[in-house]
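Here are the chains, one letter per residue:
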Amino acid sequence: MTGFKRMMGVSALALATVFVAGAAVAGTLDNVKARGKLIVGVKNDYVPYGYLNDKGEVVGFEVSLAKYVARELLGSEDKIELVPVIAANRIDFLTAGRIDAIFATLGVTAERAKVIDFTTEYVSAAGPSVLMAKETIISKWEELKGKSVCGIQGSYYNKKMTEEFGITLVAFKTQPEAYRALKDNRCIGFVFDDMTLQQKLKEADWTGYKIAVAPYEFQPMAGGVRKDDAEFREAVDKAIGKAEAEGKLIAWETEFGMPHSDYIAARAKAASAKKN
Amino acid sequence: MLGLDYSWLADPAYQRWLLIGVVNTLKLAALSSSAAIVIGMLGALGFTFRIFWLDALIELFVEVFRNTPPLLQMLFAYFTLSTLGLKVTDPSTGLSVPLLSAFACAAISLSLFGGALAIEAFRSGIETMPRSIVDAARSLGYGRWARFWRIEAPIATRICLPALTNILTNLFKTTSQASVITVPELMYYAGQIYNDTFRTLEVMILVLLIYVALVSMLTFAMARLEAFMAFPGYGRGL
């Protein structure tokens, strides 16, 4: 019963998505101004981009960026509603009209570009790497062929892992399950987003592990807006460009404990040069 | 109208995933259904002995496995049993690894869950049987075993077939929860495919149709079995 129910639930959600998406194509900027509030989908479990601080507030690199955009559009960074999203629902939330924009570690891919529009790219994020026990001699993706590696269901790189690298992927719903399974030796490594794994290594009970296989790609990250809504996308782009020119993104890197990237520095330089 | 796009089905990787998914779903369903029927029969047989401690034991088993969500049972088997010490040393790596694979955990959990339900179904079959038949068998000189296997079991099986069909269809659909502990069955791959392609609706419609087709085959077979086994005076027998 439960399996069937869940399927029906998801189909109904998908159905609703299709209908609502048709209705709300253009005019987000007018809607936002009339409402006096920008509704943004952000992560709340992803250091440093969007997470809960000690007081239980959602903060992070992309949360600061979203607030900056709200200030540019509506005059105050408080005129914002932060909606926690996860990778599996953020695009549905956007196309269904529940949120106006995504600032939630959204990697730019051709597949996604068919469904939504991307804003200016503002971060070059490392792709997946593999966390393994320190003793391992594996250091290349090709060496993982035929090996069981833990992962997360729905990750965009899963197909590449199984089809290109020949990895036996053991994919879980959530990260804690995958970490547990790695410690239980159900898999020899955990393939996941490099930034998250780097943060994990700072924790005391993960000292026996290392990033054994480095990311094979660096992917630009951008905000997401509904397709064919140029007016809104340009307004958001302008706000992001202004934040870059003012050196805000570099300041946020510092604030949220991220290593300073050449990519963001170069973009800040280009943006401020363009302004002057 | 909805602009359904099934072009992703042309991708050989997705075709293979769906095929593996269907095969694993069928394997899991077949294994756990068979085991559930065996457990159900043994449990119901156990009840007929009317031994105090055996009754209590079977009842405890039924209560534990019928009254807990199968999802929780699978997670427990997958994550907790190995922590409690159910581990072996892998000779090739020297590492201590969990004894039960994800598939084994799912198959065992579903078998026990289905088995607990089946015990109750078979028991209801035996208990609703007219006393006169049992008395008739006894007066004809049937012993305890012969009475169970030749009289009680055949009639009880026929009486409880509709209930058993319900249990088996539910068990079949519950296999979809095994994706949570990484068993690569149909829902496991369906989720990955719609995450890759964003064709949520299309994937869901297809998977729904596959489940309807597979479960319909099961219910059709059970209906035929019911018709085949029917005898005068009971159920569909004329």
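Bear in mind the structure is a predicted one, so any value in this text is a computation, not a measurement. (Residues numbered from 1 in each chain as written. Chains lettered and ligands numbered in written order. Predicted model: local features only at pLDDT ≥ 70, side-chain atom pairs only at ≥ 80, totals over all residues. Heavy atoms only, no water.)

Asker: An account of the overall build of chain B is needed here, citing residue identities and associated values.
Answerer: Across its full length, chain B carries 8 helices and 2 strands. Starting at the N terminus, the α and β elements of chain B follow one another as α-α-α-β-β-α-α-α-α-α. Judged by the C-alpha coordinates and their principal axes, chain B covers about 70 × 55 × 30 Å. The contacts in chain B between residues at least 6 apart in sequence include a share of 74% that link residues at least 24 apart. Considering chain B, the positive charge centre built from 16 side chains and the negative charge centre built from 14 side chains are found 10 Å apart. (Helix = DSSP H or I, 4+ residues; strand = E, 2+ residues; numbered from the N terminus. Contact = heavy atoms within 4.5 Å. Lys, Arg positive; Asp, Glu negative; His and termini not counted. Charge placed at Lys NZ, Arg CZ, Asp CG, Glu CD.)

Asker: Give me the lowdown on the environment of A:Asp92, citing residues and values where you can.
Answerer: Tracing the backbone through its elements, the reader meets A:Asp92 in helix 4 (residues 90-95). Counting along the chain gives 23 residues from A:Asp92 to A:Val115, while the straight-line C-alpha distance between them is 9.7 Å.

Asker: How would you explain the nonpolar core if you had to name every residue and give the values?
Answerer: Counting residues in hydrophobic clusters, the biggest one holds 68 residues, and the most contacted among them are A:Trp141, A:Leu144 and A:Phe190. Ranked by the residues each element gives to this core, the list is headed by helix 8 (residues 200-229) of chain B, at 8 residues. Discounting residues that sit within four places of it in the chain, A:Trp141 has contacts with A:Pro128, A:Ser129, A:Val130, A:Met161, A:Phe165, A:Ile167, A:Val191, A:Val213, A:Ala214, A:Pro215 and A:Tyr216. (Core = buried A, V, L, I, M, F, W, Y, C linked by side-chain atoms within 4.5 Å. Buried < 20%, exposed > 50% of the residue type's maximum accessible area, 1.4 Å probe, protein only.)

Asker: Before we move on, could you go through the sheet that holds strand 9 (residues 148-152) of chain A and cite the residues and values that matter?
Answerer: Residues and elements named next belong to chain A. The 5 strands are arranged 10-9-11-8-12 in an open sheet whose pairing can be described as mixed. Whereas interior strands pair on both sides, the edge strands pair on one side only; in this sheet they are strand 10 (168-172) and strand 12 (209-213). The mean inter-strand angle of the sheet, taken between neighbouring strand axes irrespective of direction, is 35 degrees. In this structure, strand 9 lies alongside strand 10, joined through 5 bridges in parallel fashion. Bridge pairing in strand 10 places Ser148 opposite Thr168. Relative to strand 11 (residues 189-193), helix 8 (residues 194-201) is tilted by about 120 degrees, and along the sheet it contacts strand 8 (128-133), strand 11 and strand 12. (Pairing = 2+ DSSP bridges. Axes fitted to C-alpha atoms, helices over the stretch in contact; angles between N-to-C directions.)

Asker: Summarise the interface of chain B and chain A; cite the residues concerned and give the values.
Answerer: On the chain A side, the residues contacting the 40 residues of chain B number 38 residues. Between chain B and chain A lies a buried interface of about 3,300 Å² when both sides are counted; carbon and sulfur atoms form 59% of it. Residues A:Glu163 and B:Arg16 are paired through a salt bridge, measuring 2.4 Å at the closest nitrogen-oxygen approach. Secondary-structure elements contributing two or more residues to the side of chain B that touches chain A are helix 1 (12-48), helix 3 (70-83), strand 2 (96-98), helix 4 (102-127), helix 6 (144-174), helix 7 (186-197) and helix 8 of chain B. Class assignment of the residues belonging to the side of chain B that touches chain A gives a composition of 23 nonpolar, 13 polar and 4 charged. (Buried area = accessible area lost by both parts, 1.4 Å probe. Salt bridge = Lys/Arg side-chain N within 4 Å of Asp/Glu carboxyl O. Nonpolar A, V, L, I, M, F, W, Y, C, P; charged D, E, K, R; others polar.)

Asker: Summarise the side chain of A:Arg90; cite the residues concerned and give the values.
Answerer: All names here are of chain A. With respect to the element layout, Arg90 can be found in helix 4. In this structure, Arg90 is buried with no salt-bridge partner, the nearest side chain bearing the opposite charge being Glu62 at 7.2 Å. A distance of 3.3 Å separates a polar side-chain atom of Arg90 from the backbone oxygen of Thr105. When sequence neighbours within four positions are dropped, the list of residues in contact with Arg90 reads Lys43, Val85, Ile99, Ile102, Ala104, Thr105, Leu106 and Arg112. (Polar contact = N/O pair within 3.5 Å; in protein donor to acceptor, adjacent residues only side chain to side chain.)

Asker: Can you tell me about the confidence of the model for chain A, naming the residues and giving the values?
Answerer: The share of residues in chain A with pLDDT of 70 or more is 90%, and the mean pLDDT across the chain is 89. In the model, residues 17-24 of chain A has pLDDT below 50 throughout and makes 11 contacts with residues more than four positions away in sequence or in other chains. (pLDDT = per-residue confidence, 0-100.)

Asker: For the pattern of salt bridges, give the residues involved together with the corresponding values.
Answerer: Two side chains of opposite charge can pair, provided their charged atoms sit close to one another. According to the stated counting rule, one finds 25 salt bridges over all chains in the structure shown. Among the ionic pairs, A:Glu72 bridges to A:Arg71, the shortest N-O distance being 4.0 Å. Exposure remark for A:Glu72: the relative accessible area of 30% places this residue in the partly exposed category. For A:Arg71, a relative accessible area of 34% corresponds to the partly exposed category. A single network of salt bridges, built from pairs that share partners, joins B:Glu63, B:Arg66, B:Glu120, B:Arg123 and B:Glu127.

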